[in-house]
Amino acid sequence: MTDHALLAEGVSEKFMQYVKVNTQSSDLTDDTPSTPGQWDLARVLETELLGLGLSDVCVDEHCFVIGRLPSNLDQPAPAVGFMAHLDTVPGVPGAGVVPVMHREYQGGEIHVGHGVILSPADSPSLAGAVGEDIITSDGSTLLGADDKAGIAAIVQALAEMTSHPDVPRPEVWVAFTPDEETGKGVGRFPYDKFGARVAYTLDGGASGELSEETFEAMNGVVTINGVSSHTGAARGKMVNAIHLAAQLISSIPAGQRPETTFGREGFIHPNDIEGNVEHVAIKLIIRDFDATLAQAREEALLRSIEALRAHNTGAEIKWTRTGGYRNMKEALDRDPRTVEFAREAMRLAGMRPSTIPIRGGTDGARLSFGGILTPNIFTGGGDAHSRGEWVSVQGMERAAQVMVNLAGLWASQACSA
């Protein structure tokens, strides 16, 4: 498909084609990609990038789609990149998506179908989309706007840039990545094939949102080894690992749980438990925006473990870290232009930027510490990971315009590369 055809098609048509490809990822394998459907969308995007005239287009062995739009400047300028992920979240039906257009949303409820109702009372960002064209699924599946809205906006921006070669731009790199929802794909990102050291993930929510912060995250497992005994003769012998697990979990203060916190408040969260009298394993995550506070939460957990061990002779209790990620703001602050240009690009597109910390992680958190500074910007959608997921067509168009503006702002840095 040529750039003219892709531009004439519009962002909504692109998006509605992408969501029909089932790219739901899986937690049940360590392979990247975790599902074959991600290859299907990768090949579609490879063809479209080639049709737009990009150079160095490739789909690597792990399903990362990479491409480069050459600079049209006479002098060197910092390259800029844009990224979105191929996969949709596991756990909500993702096959057989039927996108439905709701023209000129007038406020109030949207009856999506299959008993799913969208309401501004439950989805406040809908109020900002009054008068716009809203796309949902038919309610039987999620929509896939997370993150195919980002993909559609990137392809639209590329089409616009190639169709207006007189508008200054540096090298523009794009990457479509697998398995973001499982957190496993970014570990295999091909840094050597991606030529930008500043990039933006298109994986946000309502128009104007910009995220430069993620949680400071610790993941780990508490293992509890108890002592089994016949229940009829257990007095003084049995150390029930299940009871100890219950005591440890109940020691987490009620105000330090995800279900009682919001905004910039952190938490400790047990998200999986399995075992028996002799052995229990509890998977826990610790989150905060401040590294010092995250460390303090871990130390509080360790004190609870020590107290439990001290009062239960024969029990073996251990906390083992298994992973995590860092707050990307620490890395982004190394080059303030990265975030400031994003704000300015939104202002140029007629929006008031809103800086929203992410109560979670993004690929950008890993990428920023891997050498590619990567804040996150909006796609114009909401209610991700649900059957009520939606996206605004005009929101995707604004995201495309922001990328065009960002390319121009980085072009203005010619000779400072």
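Please refer to the structure placed before this passage.
Conventions we followed
- For every chain, the first residue of its written sequence is number 1, and the numbers climb from 1 along that sequence.
- Per-residue local features of the predicted model are confined to residues with pLDDT of at least 70, and side-chain atom pairs are confined, for both listing and counting, to 80 or more; whole-chain, interface and lining totals are unaffected and use all residues.
- In computing side-chain properties, one takes all heavy atoms of the structure into account and sets aside hydrogens as well as water.
- Residues enter a nonpolar core if they are buried and are Ala, Val, Leu, Ile, Met, Phe, Trp, Tyr or Cys, with the set joined through side-chain atoms within 4.5 Å.
- Exposure classes here rest on a 1.4 Å probe applied to the protein chains alone. A residue is buried below 20% of its type maximum, exposed above 50%, and partly exposed in between.
- Each Phe, Tyr or Trp ring (for Trp, its six-membered ring) is paired with any other whose centre lies within 6.5 Å, and the angle between the two planes then decides the class: stacked below 30 degrees, edge-to-face above 60, tilted in between.
- For helices the rule is a DSSP run of H or I covering at least 4 residues; for strands it is a run of E covering at least 2, with both sets numbered from the N terminus onward.
- Only C-alpha atoms enter the line fits that serve as axes; for helices the fit covers just the stretch in contact. Angles between N-to-C directions range over 0 to 180 degrees.
- Each angle is binned into one of four classes, with values under 35 degrees roughly parallel, values over 145 roughly antiparallel, values of 65 to 115 roughly perpendicular, and all other values oblique.
- For any helix crossing, the convention is left-handed if the near helix is rotated counterclockwise from the far helix by under a right angle, and right-handed if that rotation is clockwise.
- We call two residues contacting when some pair of their heavy atoms lies within 4.5 Å.
- Under the scheme applied, nonpolar residues are Ala, Val, Leu, Ile, Met, Phe, Trp, Tyr, Cys and Pro; charged residues are Asp, Glu, Lys and Arg; polar residues are all the others, including Gly.
- When DSSP finds two or more bridges between a pair of strands, those strands are recorded as paired.
- Salt-bridge detection follows one rule: a side-chain nitrogen of Lys or Arg within 4 Å of a carboxyl oxygen of Asp or Glu.
- A helix is expected to reach a length of 1.5 Å times the quantity of its residues less one.
- Nitrogen and oxygen atoms within 3.5 Å of one another constitute a polar contact, given that in protein one can donate a hydrogen and the other can accept it, and given that sequence-neighbouring residues count only through two side-chain atoms.

Caption draft 1: Focus on the nonpolar core. The biggest cluster of nonpolar side chains holds 75 residues, and the ones touching the most others in it are Phe15, Leu158, Phe176 and Tyr200. Core analysis: the next-biggest nonpolar cluster, separate from the first, contains 21 residues, Ile224, Val239, Ala294 and Leu308 among them.

Caption draft 2: Quick peek at the packing of aromatic side chains. Overall, the coordinates contain 8 aromatic pairs when judged by the stated rule. Centre to centre, the rings of Phe215 and Phe289 are 4.6 Å apart; their planes meet at 35 degrees, and the pair counts as tilted. Of this pair, Phe215 sits in the loop between strand 10 (209-211) and strand 11 (216-225) while Phe289 sits in the loop between strand 13 (279-288) and helix 5 (291-310), and the two are 74 residues apart along the sequence. Overall, Phe215 belongs to the buried group, its relative accessible area being 1%. Accessibility expressed as a relative area gives 6% for Phe289, which makes it buried. In this structure an aromatic cluster arises from ring pairing among Phe64, Trp173, Phe189, Tyr191 and Phe194.

Caption draft 3: Representation of the packing of helix 2 (residues 37-51) against helix 3 (residues 145-163). Look at helix 2 against helix 3: their axes get within 11 Å of each other, and the N-to-C directions meet at 10 degrees. When the interaxial angle is binned, helix 2 and helix 3 end up roughly parallel. Read as a crossing pair, helix 2 and helix 3 show a hand that is left-handed. Contact residues: helix 2 offers Leu41, Leu45, Glu48 and Leu49, while helix 3 offers Lys148, Ile151, Val155 and Leu158. Classifying every residue of the contact of helix 2 with helix 3 by side-chain character gives 6 nonpolar, no polar and 2 charged.

Caption draft 4: Inspection of the pairing of strand 2 (residues 65-69) at higher detail. Within strand 2, 5 of the 5 residues are buried, leaving the element largely enclosed by the surrounding structure. Pairing geometry for strand 1 (residues 55-59) and strand 2, over 3 bridges, is antiparallel. Residue pairing in the sheet places Val59 in a bridge with Val65 of strand 2. Bridging between strand 2 and strand 8 (residues 172-177) involves 5 bridges; their strand directions are antiparallel. Bridge assignment links Gly67 to a residue of strand 8, and that residue is Val174.

Caption draft 5: The sheet that holds strand 18 (residues 390-392), seen in detail. Strands sit in the order 4-7-18-17 across an open sheet of 4 strands; the sheet is antiparallel. Each end of this open sheet is capped by a strand with a single partner; those strands are strand 4 (100-102) and strand 17 (381-382).

Caption draft 6: Local environment of unusual backbone geometry. Residue Thr32 is joined to Pro33 through a cis peptide bond whose omega torsion reads 0 degrees. Note that Pro33 resides in the loop between helix 1 (3-18) and helix 2. That bond from Asp146 to Asp147 is cis: its omega, 20 degrees, falls within 30 degrees of zero. Its place among the elements puts Asp147 in helix 3. In the Ramachandran plot, Asp56 falls in the positive-phi region, its phi being about 55 degrees despite a non-glycine side chain. Of note, Asp56 is situated in strand 1. Accessibility expressed as a relative area gives 46% for Asp56, which makes it partly exposed.

Caption draft 7: Structural context of the pattern of salt bridges. Enumeration according to the criterion identifies 17 salt bridges in this entry. Glu132 is the salt-bridge partner of Arg398, the closest N and O atoms lying 2.8 Å from each other. Linking Arg398 in helix 9 (residues 393-411) with Glu132 in the loop between strand 6 (116-118) and strand 7 (134-136), this pair joins segments that are 266 residues apart in sequence. Glu132 sits in the buried class, given a relative accessible area of 11%. The salt bridge partner of Lys329 is Glu212, with a shortest N-O separation of 3.8 Å. With Lys329 in helix 6 (residues 329-332) and Glu212 in the loop between strand 10 and strand 11, this residue pair connects regions lying 117 residues apart in the sequence. Owing to a relative accessible area of 10%, Glu212 belongs among the buried residues under this scheme. Look at the salt bridges and you will find they share partners, linking Glu212, Lys329, Asp333, Glu340 and Arg343 into a network.

Caption draft 8: Here's a closer look at helix 7 (residues 337-348). With 12 residues, helix 7 should cover 16 Å at 1.5 Å per step; its first-to-last C-alpha distance of 16 Å lies within 8% of that length. All of the buried residues in helix 7 are Thr338, Val339, Phe341, Ala342, Arg343, Ala345 and Met346. Of the surrounding secondary structure, the elements contacted by the buried residues of helix 7 are strand 9 (199-202), strand 10, helix 6, strand 15 (354-355), strand 16 (376-377) and helix 9.

Caption draft 9: Helix 5, seen in detail. Across its 20 residues, helix 5 extends 29 Å between first and last C-alpha, which sits within 8% of the 28 Å expected from 1.5 Å per residue. Where helix 5 is buried, its residues touch strand 11, helix 4 (241-250), strand 12 (267-275), strand 13 and strand 14 (316-325). A distance of 2.7 Å separates the backbone nitrogen of Thr292 from a side-chain oxygen at the start of helix 5, and that oxygen is part of Asp290.

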